[in-house]
Amino acid sequence: MQLHENIKKYRCHKNWTQEDLAGMLDVTRQTISKWEQGINEPDIATLKKLSEVFEVTIDELLGKEEQKRENKFPYIVKICNVVSISFCIFVSLVLIIFTRYLYNRIPMHYNWAGEIDRWGSKWEWVILLVYFIIILVTDLFCCKQIKEKVNSKAGFWTIKICCWCCQIVGLGIFFGFAGEFLKKDTWYPITNSVIYAFLFCVMIFLHPAIIKRNNIFGFRTHFTCSNEIAWNSINRFACYTFCINSLSAIIIQMFVNQFWYNFLISNLIYIGVIIVWSYYFHFKHKLK
């Protein structure tokens, strides 16, 4: 918004007439009218008085704060889209993890009386993956259209929240029908696998292309902390490494339920790999 539009907006928010505002500023009503029509503009001293009576900053009065917020909208869209992708991956992994620990044959359909009228393989539930993917594609497509053609924040958040809720509902349906048919003594491997699934999604979100200077990944040396290219390279390598580590841990845990120390071994190996790569990258560029 321009200055003349903001003056009228803030005056209306206060429920003041033009005469009321003119009296506070020691100017005539006609002056206020010309400001709101964009014919004239107040000087610096009057702008300061306007900001005081409206209880806003001069930047807000000039529309600069609003412009800054609008400039952040594409970045917010980008972050939320990454969250949507990570969330879809997470619920998909949770579905696969829990399905792995169900009995081989479980009820697949109930009649109106609540009685089981069809049994089937537990892996039939994997069809929900298609549902999650459809919701994600719909989410990303609709948000792209809103960003490029409508530019409506309300529409964007409506689509996002609806799609996230649909994915939660899909997971809730799975647990509602199949949750009671989990094998006994499986909560230990399930818990470990779900934790690693969550970490995998967090690591995707912390990729250097998405979050700058995250201070989580990589091995810190004077060289990596003082060189932007080195920092991004090391963090990118660490991101991919920990993602592979998480997926490997989930797969191993799902096939070897009691092999719990694979997590400790794999983490030590991957941390060592990251340290070696950090120093290799350092000496490689130092010799150039």
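For the structure itself, consult the block above.
Residues numbered from 1 in each chain as written. Predicted model: local features only at pLDDT ≥ 70, side-chain atom pairs only at ≥ 80, totals over all residues. Heavy atoms only, no water.

Asker: Tell me about the packing of aromatic side chains, residues and numbers included.
Answerer: In total, this model carries 11 aromatic pairs according to the counting rule given. Aromatic pair W119 and F181: ring centres 6.5 Å apart, planes at 75°, arrangement edge-to-face. Of the two residues, W119 sits in strand 2 (residues 116-121) while F181 sits in the loop between helix 8 (153-178) and helix 9 (187-205), which places them 62 residues apart along the sequence. Considering the side-chain rings of F156 and W157, the 5.2 Å spacing of their centres and the 75° angle between planes classify their relative orientation as edge-to-face. Assessed through its relative accessible area of 0%, F156 is described here as buried. Overall, the relative accessible area of 36% leaves W157 in the partly exposed class. Members of the aromatic cluster, joined through ring pairs, are F98, W125, F174, F175, F177 and W187. (Phe/Tyr/Trp six-rings, centres within 6.5 Å; stacked < 30°, edge-to-face > 60°. Helix = DSSP H or I, 4+ residues; strand = E, 2+ residues; numbered from the N terminus. Buried < 20%, exposed > 50% of the residue type's maximum accessible area, 1.4 Å probe, protein only.)

Asker: Now, about helix 1 (residues 3-13): what can you tell me, with residues and values included?
Answerer: Listed as buried for helix 1 are L3, N6, I7, Y10 and R11. All buried residues of helix 1 fall inside an arc of 130° around its axis, so they share one side. Where helix 1 is buried, its residues meet helix 2 (18-25), helix 3 (29-37), helix 4 (44-54) and helix 5 (58-62). (Arc of directions from axis to C-beta. Contact = heavy atoms within 4.5 Å.)

Asker: Please set out the environment of T28 residue by residue, giving values where relevant.
Answerer: Along the chain, T28 falls in the loop between helix 2 and helix 3. Through-space distance from the C-alpha of T28 to that of Q18 is 8.8 Å; in sequence the pair is 10 residues apart. A polar side-chain atom of T28 sits 2.8 Å from a polar atom in the side chain of T31. (Polar contact = N/O pair within 3.5 Å; in protein donor to acceptor, adjacent residues only side chain to side chain.)

Asker: Explain the pattern of salt bridges residue by residue, including any values.
Answerer: This structure, assessed with the given rule, holds 4 salt bridges. R29 is the salt-bridge partner of E19, the closest N and O atoms lying 3.8 Å from each other. With E19 in helix 2 and R29 in helix 3, this residue pair connects regions lying 10 residues apart in the sequence. E19 sits in the partly exposed class, given a relative accessible area of 48%. Given a relative accessible area of 32%, R29 falls into the partly exposed group. Across the salt bridge formed by K160 and D139, the nearest N and O atoms sit 3.1 Å from each other. Taken together, the positions of K160 in helix 8 and D139 in helix 7 (residues 128-150) put the pair 21 residues apart, joining distant regions of the chain. Given the relative accessible area of 2%, D139 is considered buried. (Salt bridge = Lys/Arg side-chain N within 4 Å of Asp/Glu carboxyl O.)

Asker: Would you mind going over the side chain of R11 in detail, with residue names and values included?
Answerer: As for its placement among the helices and strands, R11 is situated in helix 1. A polar contact of 2.5 Å, which involves the side chain of R11, links it to the side chain of E36. Apart from residues lying up to four places away in sequence, R11 is in contact with W16, T17, Q18, L21, E36 and F54.

Asker: Which residues make up a nonpolar patch on the surface, and what values go with them?
Answerer: A contiguous nonpolar patch, built from Y131, V169, I173 and F177 and spanning about 320 Å² of accessible area, is present on the exposed surface. It is helix 8 that provides the largest number of residues to the nonpolar patch, a total of 3 residues. Note on placement: V169 falls in helix 8. (Patch = residues over 30% accessible without salt bridge, like charges linked within 9 Å, V, L, I, M, F, W, Y side chains within 5 Å. Areas by Shrake-Rupley, 256 points an atom, 1.4 Å probe, with all protein chains shown as cover.)

Asker: Quick rundown of the packing of helix 1 against helix 4? Include the residues and the values.
Answerer: Relative to each other, helix 1 and helix 4 sit at 30°, their axes nearing to 11 Å. Judged by the angle between their axes, helix 1 and helix 4 are roughly parallel. Relative to helix 4, the crossing made by helix 1 is left-handed. Here L3, I7, Y10 and R11 of helix 1 come into contact with helix 4, specifically with L47, L50 and F54. (Axes fitted to C-alpha atoms, helices over the stretch in contact; angles between N-to-C directions. Parallel < 35°, antiparallel > 145°, perpendicular 65-115°, else oblique. Left-handed = near helix turned anticlockwise from the far one by under 90°.)

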